[in-house]
Every structure is written in C-alpha cells, then in structure tokens.
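Residue-level structural notes
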Amino acid sequence: GKFIGSFQALKHPTVDAFIDYQKSRSLLYAAAFSFAKQGEGEVTTRMAKAQATTAASFAADRSIQFHGGFGFTYDCDAQLYRRRAIWGASQFGDAHFHKQKLADLIP
C-alpha cells in the first residue's frame, strides 16, 4: 500500500539514472549543434557517446536489480534493456575507448 518512491533503496538509484539520462540528452544536443564545427564536433560527439553508454548501462543494471531474481528471466523485459545497453556499448566504441580518445585530444 506504499508508493514505490517512498523506499530510499529505489529512490536514490532512480534519481541517479534520471540525472545520467539528462546529462546524456544535453550532450547529445551539444553534439548535434556542434557536429559541423571543426574540432568541436569530435569532442562533443565522443563525450555524448561515453555518457550515453554509461547511463544506459547503469539504468539497465538498476532495473534488473530492482526486479530481483525475476529481472534476469526471459519473462521480464529488464534483461532486454541490459542486452541493448551491452550491444550499444559495443557499437563504435565503449565509454573507456572514447574517454581515451578525448584524453588524446587534450593539448
């Protein structure tokens, strides 16, 4: 009979996942805006990919954790989002790869 948001164990990771999502969204808009600019486009695109990969992975992991043992089964869609996050990270480099490339761009 309680609201799900009343439990701190669920509330705090959910807020963290939402904040990561908002950061990813902002970086995506910045990447889209500066994509054609010489020098800036690569930096913002790599930042957006690294943040989005991390955010998707964290949100998918928390979703499985919130569902408990049921989250790992094929009956729950949480495992589908985790698989999608893993697949998305493997496409065009994961967060670690893009952070290394960003470090190389620093003079």
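As a starting point, this report considers the structure included with it. This is a predicted model, so every value here is computed, not measured.

Turning to the overall build of the protein chain, a few remarks are in order. Along the backbone of the protein chain there are 4 helices and 0 strands. Traced from its N-terminal end to its C-terminal end, the protein chain shows the element sequence α-α-α-α. Relative to the 2.2 N^0.38 estimate, which gives 13 Å for 107 residues, the radius of gyration of the protein chain is 16 Å and therefore markedly larger than a compact globule would have. Considered along the principal axes of its C-alpha atoms, the protein chain spans approximately 55 × 25 × 20 Å. In the protein chain, which comprises 107 residues, the proportion classed as buried is 27%. Across the protein chain, contacts joining residues at least 24 apart in sequence account for 56% of those joining residues at least 6 apart. When the accessible surface of the protein chain is split by element, carbon and sulfur atoms take 64% of a total near 7800 Å². Side-chain charges in the protein chain split into 13 positive and 9 negative, and the spacing between the mean points of these groups amounts to 3 Å.

All right, on to the side chain of Thr53 then. Examined against the element boundaries, Thr53 turns out to sit in helix α2 (residues 40-67). For Thr53, a relative accessible area of 11% puts it in the buried group. Setting aside residues no more than four positions away along its own chain, Thr53 makes contact with Ala89 and Ala95.

With that out of the way, let us pick up helix α1 (residues 8-33). Counted at 1.5 Å a residue, the expected span for α1 with its 26 residues is 38 Å, and the 37 Å between its end C-alpha atoms agrees. Of all the residues in α1, the buried ones are Pro13, Ala17, Asp20, Ser24, Leu27 and Ala31. Among the structural elements, α2 are those in contact with the buried residues of α1.

Positive phi is not limited to glycine here, since Phe92 has a value of about 65°. Inspection of the secondary structure puts Phe92 in the loop between α3 (78-90) and α4 (95-105). You can call Phe92 exposed: its relative accessible area is 72%.

Parameters and conventions
- Residues numbered from 1 in each chain as written.
- Predicted model: local features only at pLDDT ≥ 70, side-chain atom pairs only at ≥ 80, totals over all residues.
- Heavy atoms only, no water.
- Helix = DSSP H or I, 4+ residues; strand = E, 2+ residues; numbered from the N terminus.
- Rg over C-alpha atoms; globule rule 2.2 N^0.38 Å.
- Buried < 20%, exposed > 50% of the residue type's maximum accessible area, 1.4 Å probe, protein only.
- Contact = heavy atoms within 4.5 Å.
- Areas by Shrake-Rupley, 256 points an atom, 1.4 Å probe, with all protein chains shown as cover.
- Lys, Arg positive; Asp, Glu negative; His and termini not counted.
- Charge placed at Lys NZ, Arg CZ, Asp CG, Glu CD.
- Expected span 1.5 Å × (residues − 1).

Keep in mind these numbers describe shape, not what the thing actually does.
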